[in-house]
Each structure stands twice: as C-alpha cells, then as structure tokens.
Amino acid sequence: MQFLGIIPARYGSTRLEGKPLVDINGKTMIQRVYERASGALDEIVVATDDERILQKVKDFGGNAVMTSKHHSTGTNRCLEALEIMEKKHGKSYDVVVNVQGDEPLIQPSQLTEMTQCFEDQAAEIATLITPVKRLDDLFNEGEVFVTIDKNNYALYFSRSVIPHVKNTDKSKWLQKTTIYKHLGLYAYKTAALKDFAEMAVSHLEELESLEQLRWLESGRKMKVAISRHDSIPVDTIDDLERVREMVKIQEGPSLSE
C-alpha cells in the first residue's frame, strides 16, 4: 500500500501562537515531528498555512505545501494536501496518515502500529489508543477516553472517563478495569478521508467537541491500535517546558547551550 504522511501545521494557536516553530533543544518542533515520522513512513509532507513554516521546513530539507487558512479541522487540511500531492506527482495514495504537528515525542513505532491496522481489509480509518497508567489522567479534563469492541473497533470516544465503574471510588477504577485514552493520530484510506471531510458536523461531535464522533455517528467503523507509548501534545507553555526537559534528558544539552 502507498502511505502518505501529512503533518498539518498552523501558525495561529489560541494558547501557543507559532508553536510549530518553537525551539526544542536546538530544533523546531515541526522538524522533530517530521524526522520522527520519517522513521516510519516513506513519504512525508507538511501541510501549512504560513510562509514562515513552509520556509523552515524547506530549510531543513523537508517537503511542504501551502494550504488554505480557512480549514476548520486538520482533517480538511489533510484532504487539500493530499489533492495537491496527487496532482503534483501524478499518482494516487492508498492511505493518508495524519501526524499531529504538536507531538514532538511521537515514536515511529506508533505510526507503524497504526498503519498495520490496514492489514484488516475492512478498516477504513485507524487511530491510536493507550492504556491509562497514571491515576491523574482520569482527572485530567484534557484527556479523551475510548471504549472498544472485541475486534479493536472503537465503540465511543468521550471527554468523560469511560467505562464508568459503578459503586467504586474513582481512585480505584484502574484496579477494576483497563481504561484507554485516545492519542490524536489518524490514518485514512483516501476514499474514507474524502467521505469524512464531506460529512456534516454531527450532534455528538458538537456536544463532545470530538470530530471522530462524526464518523461513528454516521454508522461507520474506526479501527484502533493499542500502543504502549504515551503521547505529550504541546498545547501550552507548561507542555513545552515539560517536553524540553524530556528531550534534554534523552539527548543532553543542545549545541546552542
């Protein structure tokens, strides 16, 4: 199968403007994401809406395309980037992997785990989840939880902890069952990506503010891969400082220090 990795990268962000270009131990965040994704996917492109990001990607030898500033979701930005790449190279791709541009600690193995979902011929969209190990995550309003069926297809995603463990204090839920949280990575068969982008916003999607519910509410299925690696998206200055410290531990001081 032909896999195309797309990294949506907007300059504007309500909590951390220009975050694709923030420095993490001597490299921009977008370069770190690009390099890690390149360890698992043969072809990568950054889909951006800003000339500064486009130029930075070109500076480190990466591939990037300009997309509209008016996309409401990364999914729609991915679709435009796919169409640009198909036209540019005169070929089609089987699967698009949406790599989050704000996860500089992503493991190449996580992308491999997700692409392996398509060994199931019925899989149209795949995503990644991981077992909750830290009790604090159950009280973190930024986490998204998911329940799955016996064939590793998603049943539901929620900002509330699911499943609810009745008659048990929340501090003991992890002793009773495995609870999974969602990692914001997706892979789409190209036909499914086009279908998804054309769907109207659904009722459950509006309530939870989770676009993946649009797909489930329409009656379609989403395959999940279970990863042992957690993920740290960079949404705030605090997240950024935490990631910087982790990279410094892994790599040592940057050359600029």
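For the structure, check the block above.
Residues numbered from 1 in each chain as written. Predicted model: local features only at pLDDT ≥ 70, side-chain atom pairs only at ≥ 80, totals over all residues. Heavy atoms only, no water.

**As for the overall build of the chain**
Part 1: Check the secondary structure of the chain and you find nine helices and eleven strands.
Part 2: Relative to the globule expectation of 18 Å for 257 residues, the C-alpha radius of gyration of the chain, 18 Å, shows essentially globular dimensions.
Part 3: For the chain, the spread of C-alpha atoms along the principal axes amounts to about 55 × 45 × 30 Å.
Part 4: Buried positions account for 50% of the 257 residues belonging to the chain.
Part 5: Accessible surface for the chain amounts to roughly 12,700 Å². Of this, 46% is attributable to carbon and sulfur atoms.
Part 6: Put simply, the chain has 33 plus and 40 minus side-chain charges, and the middle of one group is 2 Å from the middle of the other. (Helix = DSSP H or I, 4+ residues; strand = E, 2+ residues; numbered from the N terminus. Rg over C-alpha atoms; globule rule 2.2 N^0.38 Å. Buried < 20%, exposed > 50% of the residue type's maximum accessible area, 1.4 Å probe, protein only. Areas by Shrake-Rupley, 256 points an atom, 1.4 Å probe, with all protein chains shown as cover. Lys, Arg positive; Asp, Glu negative; His and termini not counted. Charge placed at Lys NZ, Arg CZ, Asp CG, Glu CD.)

**Side note on helix H2 (residues 51–59)**
Part 1: Among the residues of H2, those classed as buried are Ile53, Leu54 and Val57. The arc that holds every buried residue of H2, seen down its axis, measures 105°, which confines them to one face. Residues of H2 that are exposed and angled more than 90 degrees away from the buried face: Glu51 and Asp59.
Part 2: Contacts from the buried residues of H2 go to strand S1 (3–9), helix H1 (29–37), strand S4 (44–48) and strand S5 (64–66).
Part 3: The N-terminus of H2 is capped by Asp50, whose side-chain oxygen sits 2.8 Å from the backbone nitrogen of Arg52.
Part 4: Backbone geometry just after H2 places Gly61 at a positive phi near 90°. (Arc of directions from axis to C-beta. Contact = heavy atoms within 4.5 Å. Polar contact = N/O pair within 3.5 Å; in protein donor to acceptor, adjacent residues only side chain to side chain.)

**Regarding the pairing of strand S7 (residues 125–131)**
Part 1: Counting buried positions along S7 gives six out of seven residues, so the element sits mostly inside the fold.
Part 2: Bridging between S7 and strand S10 (residues 180–189) involves seven bridges; their strand directions are antiparallel. Looking at the pairing, Ala126 lines up with Ala187 of S10.
Part 3: Strand direction decides the pairing type here: S7 and strand S11 (residues 222–226), joined by five bridges, are parallel. Paired with Ala126 across the two strands is Lys223, which belongs to S11. (Pairing = 2+ DSSP bridges.)

**A word on the packing of helix H3 (residues 74–89) against helix H6 (residues 190–198)**
Part 1: Remark: H3 packs on H6, axes separated minimally by 9 Å, with the N-to-C direction vectors making an angle of 135°. In terms of orientation, H3 and H6 fall into the oblique class. Crossing of H3 over H6 shows left-handed handedness. Packed against H3, whose contacting residues are Thr75, Asn76, Cys78, Leu79, Leu82 and Glu86, the element H6 presents Thr190, Leu193, Lys194, Phe196 and Ala197 at the interface.
Part 2: Residues of the contact of H3 with H6, tallied by class, amount to six nonpolar, three polar and two charged. (Axes fitted to C-alpha atoms, helices over the stretch in contact; angles between N-to-C directions. Parallel < 35°, antiparallel > 145°, perpendicular 65-115°, else oblique. Left-handed = near helix turned anticlockwise from the far one by under 90°. Nonpolar A, V, L, I, M, F, W, Y, C, P; charged D, E, K, R; others polar.)

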